[in-house]
Amino acid sequence: MAKAIWEGVVVAESPATVQLEGNHYFPPEAIRAEYFRPSTRHTVCPWKGTASYFDLEVNGKTNAGAAWYYPAPKPEASQIKGYVAFWKGVQVEG
């Protein structure tokens, strides 16, 4: 069971993550939506496509752009469509 933890709170948990390039991508239903806020940030990966971001808000603290996902990935990355990955101090176990 993989877990994403920030500020001592589990923000995502799933036995069915997809591992890609050293990251666990969590299925959309695995995230605890109450901690996620849409971000205006976007980045482009040459082979996965355009990533969108979430800010995390936990216990009154914000971690801007701490989670990302590919809403419409390129065909080579179709297995992570809508799945969410983490960085910027979010601990992923599992």
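The structure presented is a predicted model; accordingly, all values stated were derived computationally and were not measured.

A. Looking closely at the sheet that holds strand β7 (residues 61–69). Across the sheet, four strands lie side by side as β5-β6-β7-β8; this open sheet has antiparallel pairing. Of all strands in the sheet, those bounded by a partner on one side alone are β5 (36–45) and β8 (84–86). Here the average twist between neighbouring strands, direction ignored, is 35 degrees. Where β7 lies against β8, three bridges are found, and the strand directions are antiparallel. Within the sheet, the bridge partner assigned to Trp68 lies in β8 and is Ala85.

B. Structural view of the pattern of salt bridges. If you walk through the whole model with that rule in mind, you get five salt bridges. Of the charged contacts, one joins Glu13 and Lys3 as a salt bridge, the two residues approaching to 3.8 Å between their closest N and O atoms. In this pair, Glu13 is assigned in strand β2 (residues 9–14) and Lys3 in strand β1 (residues 2–6), connecting sequence segments ten residues apart. Overall, Lys3 belongs to the partly exposed group, its relative accessible area being 29%. For Arg32, the salt bridge identified is with Glu13, shortest N-O distance 3.1 Å.

Definitions and limits used
Residues numbered from 1 in each chain as written. Predicted model: local features only at pLDDT ≥ 70, side-chain atom pairs only at ≥ 80, totals over all residues. Heavy atoms only, no water. Pairing = 2+ DSSP bridges. Helix = DSSP H or I, 4+ residues; strand = E, 2+ residues; numbered from the N terminus. Axes fitted to C-alpha atoms, helices over the stretch in contact; angles between N-to-C directions. Salt bridge = Lys/Arg side-chain N within 4 Å of Asp/Glu carboxyl O. Buried < 20%, exposed > 50% of the residue type's maximum accessible area, 1.4 Å probe, protein only.

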